[in-house]
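These are the residues of each chain, in order.
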Amino acid sequence: MSGWEVVLRGGRVIDPESGFDAVADVAIGQGRVAEIGTGLATAPVEVDVAGLVVTAGFVDLHSHAQDLASLRLRVLDGVTTALELEAGASPVAAAYRAAAAEGRPVNYGFAASWTQARMAEVAGFPPDAALADVLSHLGDPRWQRPAEPAQLTALFGRLEAELADGALGIGVLLGYAPGVDPDEYLQVAALAAQAGVPTFTHARDLIEMVPDAAIDGAEEIVRAAGQTGAHMHYCHVNSTSQRHIDRVLGLVARAQAAGSRISTEAYPYGSGMTAIGAAFLAPERLGERGMRPTSLTYAPTGERVASEARLRELRRSDPGGLAIIEQLNEDDPADQRLLMRSLTFPGAVVASDAMPLTWTGPRDPQAWPPAVTAITHPRTAGTFGRAMRLLTRCDAPMSLAQALSKCSLEPARLLEDRVPVLRRKGRLRAGADADMVIFNPDTISDQATYADSTRPSAGIRHVLVNGTFVVRGGSVVLDARPGRAVRAEPR
């Protein structure tokens, strides 16, 4: 007997790290990849995967979807690790405890939250690790006002404590607080540099959109990287740059060439989603982004916002309610080319910005599949299937191995300096964690749409997390909760 628990037989095995690409068997034991080869010995569970690709599971650095139903959609999209890094969580220890108590089908982890630290110290809002708390306060001007010296001291003390508790970096929703002093952001970056962790930034407004902004959002990230030496991660460069993507990416490329550590991510959709109370969605500011109230769809009712008056009413009554925001037109070839440039930029990784489910009727978060009253942005269910389709088929710019690397290996590498567990993820080799996705390369694709947002991706047959099937034969294994915490090692 081999002592292995599972053997996957005869698939096309691709390891993004070594470049291994051959038909082989994969043996799994004790949550790890035990051996890769041909004619391997038997195991209690044997699965014929001939004709399918066997590779490392997808590592998502930007997932706000932490509820069970959303996480099931994520595994059906090939995700095996889903991290909340842009918004972060505070207290981060409480977020880890809650996730462990609930049980997760995917690996999980959190950054420290500058946003929640600021909400607590500047506005006096009680810290709550739940995303709903952040969304409900996101448009409130009280947390965005200038901070007193004592408040800044307390804010940075809070962030230092979160990093000591294993936070994966510092998440900064700077674009939601456009009046914050740029020097405060530099101090955040300096703290991250000292701790040896990245920042994950939702950029401030670009100067093309807001000519009188305190500083251009892209220039600010680049400046912080150059002045502090911090690793600055530029979140969803597609949605914050919109039709200025070429200018922003050119700036980032020059800074990278000069030695600054700046990484980027993108999701393959032209529309975004956020709280309708966000500062930049005020009726008087929509024109900065070439939008009108009808550019917004309010998720709790599914309505396209008809007027400024209705938008003001929604922002007043439900500031944390989610809205889909039309930005780039996915049907316009010129806009689609801009979107593809953000995805194919050298070193850019695929990240979803997945959002939790919004319930338009009776709420049943335990139901599977999700009830028709549950809606979200299609990126929650389809980001990685869509990315693989766009990057590898038709006139696609990448090989299958290159596209897989953007979804697994490269995201893991961005964090692995301080997060040892990620050195075993994003790879498919002996000793790696058995986080794996097995899919049909000809049919892998998104199926979720803006009208039908919870349709799972197609072509994904099996997904394992730490050696346990969470998807088998294309169906979710409902009682599987093998996800483990991903934490940084404090200095």
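Cut-offs applied
- Along each chain, residue indices are assigned from 1 in the same order as the chain's sequence is written.
- Given that the model is predicted, a residue must reach a pLDDT of at least 70 before its local features are reported, and side-chain atom pairs must reach 80 or more before they are shown or counted; all residues, however, enter totals for whole chains, interfaces and linings.
- To obtain the side-chain values, all non-hydrogen atoms of the structure were used and water was disregarded.
- Strands here mean DSSP runs of E at least two residues long; helices mean DSSP runs of H or I at least four residues long; both are numbered from the N terminus.
- What the globule rule says is 2.2 Å times the number of residues to the power 0.38, and the radius of gyration is computed from C-alpha atoms.
- For each residue, the accessible area found with a 1.4 Å probe, counting protein chains only, is set against the maximum for its type, and the residue is called buried under 20%, exposed over 50%, and partly exposed in between.
- At least two DSSP bridges between two strands are required for those strands to pair.

Asks: Tell me about the overall build of the chain, and name the residues and values.
Replies: Within the chain one finds 14 helices and 23 strands. Taking 2.2 N^0.38 as the reference for a compact globule, 491 residues should give roughly 23 Å; the C-alpha atoms of the chain span a radius of gyration of 22 Å, in line with that estimate. Along the first, second and third principal axes, the C-alpha set of the chain runs to 65 × 50 × 45 Å. Counting every position in the chain, which comprises 491 residues, the buried fraction comes to 62%.

Asks: Hey, could you go over the sheet that holds strand 15 (residues 303–304) for me, with residue numbers and the actual values?
Replies: Spatially, 13-16-14-15 is the arrangement adopted by the four strands of the open sheet, whose pairing is antiparallel. In this open sheet, the two strands that pair with only one neighbour each are strand 13 (271–275) and strand 15. The pairing of strand 14 (residues 296–298) with strand 16 (residues 322–326) spans three bridges and is antiparallel. Residue pairing in the sheet places Y298 in a bridge with A323 of strand 16.

Asks: Residue-level account of unusual backbone geometry, with values.
Replies: Across the junction of S90 and P91, the peptide omega takes the value -5°, indicating a cis bond. For P91, the location among the structural elements is in the loop between strand 7 (79–89) and helix 2 (92–102). In this structure, P369 follows W368 across a cis peptide bond, with omega equal to -5°. Tracing the backbone through its elements, the reader meets P369 in the loop between strand 18 (358–359) and strand 19 (374–375). The backbone of D353 sits at a positive phi, close to 55°, despite the residue not being glycine.

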